[in-house]
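Structural overview for review
Take a look at the letters that make up each chain.
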Amino acid sequence: MSAIKKTTDEQLSVAKTILLGFQHLLAMYAGDILIPLLMGAALHFNAQQMTYLISTDIFMCGIATLLQIHRTPFSGIALPVVLGSAVEYLAPMEHVGTHLGWGYMYGSIIITGLFIILISQFFAHLRRFFPPVVTGSLITLIGFTLIPVAFQNLGGGNVHAHDFGKPLNLLIGLITALIIVLFNIFGRGFVKQIAILLGIIIGTLLAIACGQVNFASVGQAHWFHLPQLFYFAKPEFEWSSILTMILAAITCMIESTGVYFALADIVGRDLTVDDLSRGYRSEGLAAILGGLFNTFPYSTFSQNVGVVQLSGIKKLRPVYYAGFMLLILGLIPKCGAIAALIPNAVLGGAMLVMFGMVGAQGIKMLTSVKMTTNNLLIMAVSIGVGLGVTAQPTLFKFLPSAVQTIMSNGMVVGGITALIMNILLNWRQLFSNK
């Protein structure tokens, strides 16, 4: 039995499980609070509204995560996955909220959740169209198209800021990445499993020592609050806003499919149609709750695939703890403010390693593919297109906004390209199977 297998199968203590859960939380935290920050700014929320939005979003992330990892007769894929507000919905929500009003934005989110639930079974039956050549290409893209996000955080987060890319940011971020790598190489047992967490903590302490952390936000945050139904607006419904949001939902479902298969490959589990249906329905339920509580739709966070791969811990218990921690943080804004102190440069260093590992997982999946000319073409064109769209997202700026929602996402464009090319080039194998 390998060392990783022994580590994975061991009984984790409560303290170790909490730390592993905290590691999952930190991995997704920055990406999650980014959406409410951007949406609040776009819709001109005041400080009180922004505080509610961030805290309630964190709380709903906990609910969405628990819905996904806890298996019920209706929902729950039961993989070590964390859910958060999806960036694919950002542009559609901003467009609807700005031009039609907040009520129409939340109404379209609720209908989108119902749509995901209704098509979940049908979408899951498309499983034969996602062989390793497609899913491996998609996972590779998910990891590598997120690398620019890591580098943006590495430079400080805001590319328009005057101090973006300053040497101190780069130094702190690279030291964080180096610490994670060193702990993975030389660490043993539990220390190796929490390498990401240790890197983030040490990187943050270094940033504090360099005067890069401002504690003012902690003092200004409240101690307790409860999420409220229709806090900003009651839902209203209009067909064009619903259609725009549904298009974004389809892109999220494609990306989630790739993440499901990546995690299943890591934990050694074969996904069934029923598993996929439960996974999609969980995301649909989470979107409905997001609309009711005036937050966001929720989808699978791909960065946590890297956490599972690096830690070697494939159990659900740490993710349960992460879900409950998100609930607590969402109820206590002051605790959320403390977690928000982690500098962007530190998160960028951690993301660099995690996203790289996601891409490497995709490459690992592709090694099992028979390297025929057709399969090589599928990999080459889909990965090339996905990376190209990521590098030039304004390429489709003259197309309708609904089309831009899909075409400006490198992961989705690359995934759709791999899917279509596989149907065209490998149709005999696809339709000769059951």
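The structure displayed is predicted, hence computed values, not measured ones.

**Some remarks on the overall build of the protein**
In terms of regular secondary structure, the protein is built from 21 helices and two strands. Looking at the 434 residues of the protein, the share that counts as buried comes to 55%. The contacts in the protein between residues at least 6 apart in sequence include a share of 83% that link residues at least 24 apart. Between the averaged position of the 22 positive side-chain charges in the protein and that of its 15 negative side-chain charges there is a distance of 11 Å.

**Here we look at the confidence of the model for the protein**
Averaged over all residues, the pLDDT of the protein equals 83, while 91% of them reach at least 70. Below a pLDDT of 50 lies the segment residues 1–9, which in the model reaches nine contacts outside its immediate sequence neighbourhood of four places, other chains included.

**Things to note about the environment of Pro-131**
Among the secondary structure elements, Pro-131 is positioned in the loop between helix H5 (102–124) and helix H6 (132–145). Considered as a pair, Pro-131 and Thr-244 are 113 residues apart in the sequence and their alpha carbons are 29 Å apart.

**Describing the environment of Ser-85**
Tracing the sequence through the fold places Ser-85 in strand S1 (residues 83–85). Linking Ser-85 and Ile-54, residues 31 residues apart in sequence, is a C-alpha distance of 11 Å. If we skip the residues at most four places from it in the chain, Ser-85 touches Asp-32, Ile-35, Pro-36, Asp-57, Cys-61, Phe-296, Pro-297, Tyr-298 and Phe-301.

**Brief notes about the state of the cysteines**
Linking two cysteines covalently through their sulfur atoms gives a disulfide. A complete count under the given rule lists zero disulfides for this structure. A disulfide-free cysteine, Cys-61 has its sulfur positioned 13 Å from the sulfur of Cys-252, the nearest such atom.

**Topic: helix H10 (residues 195–209)**
Taking 1.5 Å of rise per residue, 15 residues should cover 21 Å, and H10 covers 21 Å from first to last C-alpha, within 8% of that figure. All of the buried residues along H10 are Ala-195, Ile-196, Leu-197, Gly-199, Ile-200, Gly-203, Thr-204 and Ala-207. Once H10 ends, the next one or two residues include Gly-211, with phi positive near 75 degrees.

**Focus: the side chain of Asp-57**
Inspection of the secondary structure puts Asp-57 in helix H3 (residues 47–69). Classification of Asp-57 by relative accessible area gives buried; the value is 0%. In contact with Asp-57, other than residues within four places in its own chain, are Asp-32, Pro-36, Ser-85, Thr-295, Phe-296 and Tyr-298.

**A closer look at the packing of H5 against helix H13 (residues 273–292)**
When two helices pack together, their arrangement is given by the angle between the helix axes and by the axis-to-axis distance. Put simply, H5 and H13 touch, their axes get as near as 7 Å, and they point 175 degrees apart. The angle between the axes of H5 and H13 places the two elements in the roughly antiparallel class. In contact with Tyr-106, Ile-109, Ile-110, Gly-113, Leu-114, Ile-116, Ile-117, Ser-120, Gln-121, Phe-123 and Ala-124 of H5, H13 contributes Val-273, Leu-276, Ser-277, Tyr-280, Arg-281, Gly-284, Leu-285, Ala-287, Ile-288, Gly-290, Gly-291 and Leu-292. Each residue belonging to the contact of H5 with H13 can be placed in one class, and the counts come to 15 nonpolar, seven polar and one charged.

**Some thoughts on the pattern of salt bridges**
The tally for this structure, following the rule as stated, stands at four salt bridges. A salt bridge links Asp-275 to Arg-71; its shortest N-O distance comes to 3.1 Å. With Asp-275 in helix H13 and Arg-71 in the loop between H3 and S1, this pair connects stretches of sequence that are 204 residues apart. Connected through shared salt-bridge partners, Arg-71, Arg-269, Asp-274, Asp-275 and Arg-278 make up one network.

**Side note on the nonpolar core**
Counting 116 residues, the largest nonpolar core has Tyr-89 and Met-93 as the members making the most contacts within it. In terms of residue count, helix H12 (residues 239–267) provides more of this core than any other element does, 13 residues in total.

**Here we look at a nonpolar patch on the surface**
Together, Leu-178, Val-181, Leu-182, Ile-185 and Phe-186 make up an exposed nonpolar region whose accessible area comes to about 480 Å². You can see Leu-178 is positioned in helix H8 (residues 167–186). Residue classification places Leu-178 among the partly exposed positions, given a relative accessible area of 48%.

**Looking at the packing of aromatic side chains**
Summed over the entire model, instances satisfying the criterion amount to six aromatic pairs. With a centroid separation of 3.7 Å and 10 degrees between ring planes, the pair formed by Tyr-52 and Tyr-231 is classed as stacked. In this pair, Tyr-52 sits in helix H3 while Tyr-231 sits in the loop between helix H11 (216–220) and H12, placing the two residues 179 residues apart along the sequence. When the ring of Phe-123 is compared with that of Tyr-280, the centres are 5.3 Å apart and the planes differ by 85 degrees; the resulting orientation is edge-to-face. One end of the pair, Phe-123, is in helix H5; the other, Tyr-280, is in helix H13, with 157 residues separating them in the sequence. On the basis of relative accessibility, which here comes to 10%, the residue Phe-123 falls in the buried class. By way of ring pairs, the aromatic residues Tyr-52, Trp-102, Tyr-231 and Phe-232 are connected into one cluster. It is Arg-281 that lies over the ring of Phe-74; its NZ or CZ is 4.9 Å from the centre.

Conventions we followed
Residues numbered from 1 in each chain as written. Predicted model: local features only at pLDDT ≥ 70, side-chain atom pairs only at ≥ 80, totals over all residues. Heavy atoms only, no water. Helix = DSSP H or I, 4+ residues; strand = E, 2+ residues; numbered from the N terminus. Buried < 20%, exposed > 50% of the residue type's maximum accessible area, 1.4 Å probe, protein only. Contact = heavy atoms within 4.5 Å. Lys, Arg positive; Asp, Glu negative; His and termini not counted. Charge placed at Lys NZ, Arg CZ, Asp CG, Glu CD. pLDDT = per-residue confidence, 0-100. Disulfide = S-S within 2.5 Å. Expected span 1.5 Å × (residues − 1). Axes fitted to C-alpha atoms, helices over the stretch in contact; angles between N-to-C directions. Parallel < 35°, antiparallel > 145°, perpendicular 65-115°, else oblique. Nonpolar A, V, L, I, M, F, W, Y, C, P; charged D, E, K, R; others polar. Salt bridge = Lys/Arg side-chain N within 4 Å of Asp/Glu carboxyl O. Core = buried A, V, L, I, M, F, W, Y, C linked by side-chain atoms within 4.5 Å. Patch = residues over 30% accessible without salt bridge, like charges linked within 9 Å, V, L, I, M, F, W, Y side chains within 5 Å. Areas by Shrake-Rupley, 256 points an atom, 1.4 Å probe, with all protein chains shown as cover. Phe/Tyr/Trp six-rings, centres within 6.5 Å; stacked < 30°, edge-to-face > 60°. Lys NZ or Arg CZ within 6 Å of the ring centre and 35° of its normal.

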